[in-house]
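What follows is the residue order along each chain.
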Amino acid sequence: MPHVGELRAPRPGEDPDSAALEADVDRLLSEHTPELQAIERALRTTIRTAFPAAIEQVDFANKLIAFGRSMKIRGLQFAIIAHKSHVNLQLADGADLPDPQGLIEGTGKRIRHVKIRSVEAASSPAVVALVEAQLAARPEG
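Caption draft 1: Representation of the pairing of strand E4 (residues 87-91) within the structure. Judged by how many residues are buried, E4 sits mostly within the fold: four of five residues are covered. In terms of strand pairing, strand E3 (residues 76-82) meets E4 through five bridges, oriented antiparallel. Considered in E4, the bridge of Phe78 is made with Leu91. The antiparallel hairpin formed by E3 and E4 contains four residues in its connecting segment. Alignment of E4 against strand E5 (residues 112-116), held across five bridges, turns out to be antiparallel.

Okay, structure coming up:
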């Protein structure tokens, strides 16, 4: 189960759960370089734009941000994981997704990833198409 970060008081009119999530995201991202933080934030925007109903949770133990219809294994769709020089966008069904641009990497039986090396790449049409393909692969879950 992902760990819960330190909470801060919500601002007036702000959803308390949203405030806690943003505090957790800020805490996790503070461990990364400004360049990686910018990529991570851009990927969050790309995912949340395509998947506004996503449940999002920070997993401090695994140093990632998870997105899904639930936080159960079958409900998970995406994860954002920073590395030293790039950010991985994990795709729960990456092994089976159409990838005309050849961006998906990895050898996992099901989960694969895309290395995102710039803010621009995080919202590129090819990455958006992969996010949408992942959502279509599991419309429920």
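Caption draft 2: Fine view of the sheet that holds strand E1 (residues 55-59). Strand order in the open sheet formed by five strands is E1-E2-E3-E4-E5, and the pairing between neighbours is antiparallel. Of all strands in the sheet, those bounded by a partner on one side alone are E1 and E5. Shown here is a sheet whose adjacent strand axes are inclined to one another by a mean of 20 degrees, direction ignored. Pairing of E1 with strand E2 (residues 64-68), which is carried by five bridges, proceeds in the antiparallel orientation. Bridge pairing in E2 places Ile55 opposite Gly68. Seen against the sheet, helix H2 (residues 34-50) touches E1, E2, E3, E4 and E5 and runs at an angle of roughly 165 degrees to E3. Docked against the sheet, helix H4 (residues 125-137) engages E3, E4 and E5, running at close to 145 degrees with respect to E3.

Caption draft 3: Quick peek at the pattern of salt bridges. Within this structure, the stated rule accounts for eight salt bridges. In this structure, Asp26 and Arg41 form a salt bridge, with 3.0 Å as the shortest nitrogen-oxygen distance. With a gap of 15 residues between them, Asp26 in helix H1 (residues 16-29) and Arg41 in helix H2 connect regions that are remote in the sequence. A relative accessible area of 39% means that Asp26 is categorised as partly exposed. Residue classification places Arg41 among the partly exposed positions, given a relative accessible area of 32%. The partner of Arg44 in a salt bridge is Glu56, and the shortest N-O contact between them spans 2.6 Å. Taken together, the residues Arg44 in helix H2 and Glu56 in strand E1 connect sequence positions twelve residues apart. The exposure class assigned to Arg44 is buried, which follows from its relative accessible area of 9%. Classification of Glu56 by relative accessible area gives buried; the value is 9%.

Procedures and definitions
Residues numbered from 1 in each chain as written. Predicted model: local features only at pLDDT ≥ 70, side-chain atom pairs only at ≥ 80, totals over all residues. Heavy atoms only, no water. Buried < 20%, exposed > 50% of the residue type's maximum accessible area, 1.4 Å probe, protein only. Helix = DSSP H or I, 4+ residues; strand = E, 2+ residues; numbered from the N terminus. Pairing = 2+ DSSP bridges. Axes fitted to C-alpha atoms, helices over the stretch in contact; angles between N-to-C directions. Contact = heavy atoms within 4.5 Å. Salt bridge = Lys/Arg side-chain N within 4 Å of Asp/Glu carboxyl O.

Keep in mind that these numbers describe shape and distance, not what the molecule does.
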